[in-house]
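Architecture at a glance
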Amino acid sequence: MRETKEPADTSEKPRARAKHSQILESARVLFLDHGFDATSMDAVAREAGVSKATLYVHFDDKDDLLLALVNEECKRFGPKTLWRDHGGKIDLRAELHAIGTTFLEAFLDSRGLAVHRLVMSCASRYPRVAEVFMKSGPERCDAEVAAFLRAAQAQGLVDVPDIAMAATQFLSLIQGKEILKWALSMKAPSPARHRALIENGINVFLAAYERRPAAAKQLRRKRMAPPASR
């Protein structure tokens, strides 16, 4: 699968940019309603109200169109930014709670979930689609949580030997099986269930990684104590 094209002369031709978006929206509707394999480029052109010649000006083929759609949808409907460095004192539990809430909100959105299903159905055959999805979604989220953990560790709030692994662990804890179940068209998780996942996930995570000054001092004293005589 090739790199997707940019909208033709978008800086000079707003109409071209609008046409590009119009085609993507039509492809989204058809791919999600009928599936990627069952949707032809002819059908996309008809849905978008453009000629096939215009369609191919914007996209080389259907694979290119799929890649562009996944890239756009991940940016628009994937998880929002989970954490930004505010430069102040970190409230560990409160900020973890905010991260978890923002992360799970994306999966309560039906459009975001529909794109997730589309990617899962195509990823094995189109590795580039999987790559775009991973970079725009899971890898970005992991990186933002890792940045938070580094900042928290710098303030002496956590003790995390492997920050990248801990970031992945935290997001796994708060989502449980609910995203998988919903992606399989099972019952959507309730807001109460989401709150419970976040709270319990934070509790487990902090039990493993939160730095407790009193306990740390006690451990240091124990390590420094001379061995007992026999």
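Please read all numbers here as calculations on a predicted model, not as lab measurements.

1. Re the side chain of E144
- Mapped onto the elements of the fold, E144 is located in helix α8 (residues 138-154).
- Beyond its immediate sequence surroundings of up to four residues, E144 is in contact with K80, T81, L82 and W83.

2. Section: the nonpolar core
- Ranked by internal contacts, the top residues of the largest apolar core, which has 31 residues, are F103 and F170.
- When residues of this core are traced back to their parent elements, those giving at least two are α5 (92-108), α8, α9 (163-175) and α11 (191-209).
- F170 has contacts with L96, I99, G100, V145, I202 and F205, leaving out every residue within four places of it along the chain.
- In terms of nonpolar packing, the next biggest core, distinct from the first, is built from 29 residues, A45, A48, V119 and V129 among them.

3. Here's the deal with the packing of aromatic side chains
- Applying the stated rule across the entire model yields five aromatic pairs.
- Centre to centre, the rings of F36 and Y126 are 5.4 Å apart; their planes meet at 80°, and the pair counts as edge-to-face. Taken together, the positions of F36 in the loop between α1 (14-34) and α2 (41-48) and Y126 in the loop between α6 (110-122) and α7 (127-136) put the pair 90 residues apart, joining distant regions of the chain.
- Look at Y126 and you get buried, because its relative accessible area is 15%.
- Taken together, a centroid distance of 5.2 Å and an interplanar angle of 65° make the contact between F170 and F205 edge-to-face. Of this pair, F170 sits in helix α9 while F205 sits in helix α11, placing them 35 residues apart in sequence.
- F205 gets classed as buried once you look at its relative accessible area, which sits at 1%.
- Within the aromatic cluster, the residues linked to one another by ring pairs are F31, F36 and Y126.
- Above the plane of the ring of F36 lies K62, whose end atom (NZ or CZ) is 4.5 Å from the centre.

About the cut-offs
- Residues numbered from 1 in each chain as written.
- Predicted model: local features only at pLDDT ≥ 70, side-chain atom pairs only at ≥ 80, totals over all residues.
- Heavy atoms only, no water.
- Helix = DSSP H or I, 4+ residues; strand = E, 2+ residues; numbered from the N terminus.
- Contact = heavy atoms within 4.5 Å.
- Core = buried A, V, L, I, M, F, W, Y, C linked by side-chain atoms within 4.5 Å.
- Buried < 20%, exposed > 50% of the residue type's maximum accessible area, 1.4 Å probe, protein only.
- Phe/Tyr/Trp six-rings, centres within 6.5 Å; stacked < 30°, edge-to-face > 60°.
- Lys NZ or Arg CZ within 6 Å of the ring centre and 35° of its normal.

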